[in-house]
Amino acid sequence: MRIAVLHGPNLRLLGRREPQVYGTDTLGDIDARIGDEAASLEVEVESFQSNHEGDLLDFIDEASARVDGFLVNPGALTHTSVALRDALLGVSLPFVEVHLSNTAAREPFRHRSYLSDAAVGVVFGFGAYSYLLGLRGLVAHLREHPDEP
Ligand code: CA2
């Protein structure tokens, strides 16, 4: 089983700015923790970050040929991007949405997600651990429902 991990705009700043909101782990630290979790679950992962919406859409299309599902932190595109939603629904693969922060406890504009209703599940508010919980949930879903998007 192979999972693509998608990090949206500005997530490469992790660990360097706003540690009170997003924690002190860098994106490299988070990817390493995801890699360890994936190894323990006996699945393969690949990770991609971009600040460019179109590059994220292209990656989803290309990666869909080789992966079984997506673990996605869309960053601010969560709250704005119909295109990202269309790309994920278009490839008909299951995805889990994750966020470091508790978006429900933040500004009202972060309460709306264009992805949540189409996701297998959503994990938010646990910092880097949101990704690990999301990965576990996605792998469990894929193992229990191998033929379903
Ligand atoms: O909590 C999350 O994971 C978010 O997806 C992070 C996004 C934010 O727009 C979403 O509402 C919630 C922001 C990602 C930018 O990350 C930064 C990290 C350090 C410093 C500045 C931005």
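Everything numeric here is computed off the predicted structure, so don't read it as measured data. (Residues numbered from 1 in each chain as written. Predicted model: local features only at pLDDT ≥ 70, side-chain atom pairs only at ≥ 80, totals over all residues. Heavy atoms only, no water.)

(A) Highlighting the packing of helix α2 (residues 27–41) against helix α5 (residues 129–144). As a packed pair, α2 and α5 sit with axes 10 Å apart at the nearest point and diverge in direction by 30°. The orientation of α2 with respect to α5, classified from their angle, is roughly parallel. Crossing of α2 over α5 shows right-handed handedness. Each of Ile30, Arg33, Ile34, Glu37, Ala38 and Leu41 in α2 lies in contact with α5, whose residues at this interface are Tyr129, Tyr131, Leu132, Leu135, Arg136, Val139 and Arg143. (Axes fitted to C-alpha atoms, helices over the stretch in contact; angles between N-to-C directions. Helix = DSSP H or I, 4+ residues; strand = E, 2+ residues; numbered from the N terminus. Parallel < 35°, antiparallel > 145°, perpendicular 65-115°, else oblique. Left-handed = near helix turned anticlockwise from the far one by under 90°. Contact = heavy atoms within 4.5 Å.)

(B) Structural detail: the site of the ligand. In the region of the ligand, 17 residues are neighbours, and Asn73, His79, Leu100, Ser101 and Arg110 sit closest. A distance of 3.4 Å separates an oxygen atom of the ligand from a polar backbone atom of Ala76. Between an oxygen atom of the ligand and a side-chain N or O atom of Arg110, the distance comes to 2.9 Å. For the ligand, whose unbound accessible area comes to 520 Å², protein coverage reaches 94%. Residue composition of the shell around the ligand, grouped by class: seven nonpolar, seven polar and three charged. (Near = heavy atom within 4 Å. Polar contact = N/O pair within 3.5 Å; in protein donor to acceptor, adjacent residues only side chain to side chain. Areas by Shrake-Rupley, 256 points an atom, 1.4 Å probe, with all protein chains shown as cover. Nonpolar A, V, L, I, M, F, W, Y, C, P; charged D, E, K, R; others polar.)

(C) Structural detail: the packing of helix α3 (residues 53–63) against helix α4 (residues 82–90). Here α3 crosses α4 at 5°, and the two axes come no closer than 9 Å. Classed by the angle they form, the pair α3 and α4 counts as roughly parallel. Residues Glu53, Leu57 and Ile60 of α3 lie in contact with α4, whose contacting residues are Ala83, Leu84, Ala87 and Leu88. Here the residues of the contact of α3 with α4 are counted per class, giving six nonpolar, no polar and one charged.

(D) Quick peek at the environment of Gly134. Of note, Gly134 is situated in helix α5. On a C-alpha basis, the gap between Gly134 and Val91 in space is 19 Å, while along the polypeptide they are 43 residues apart.

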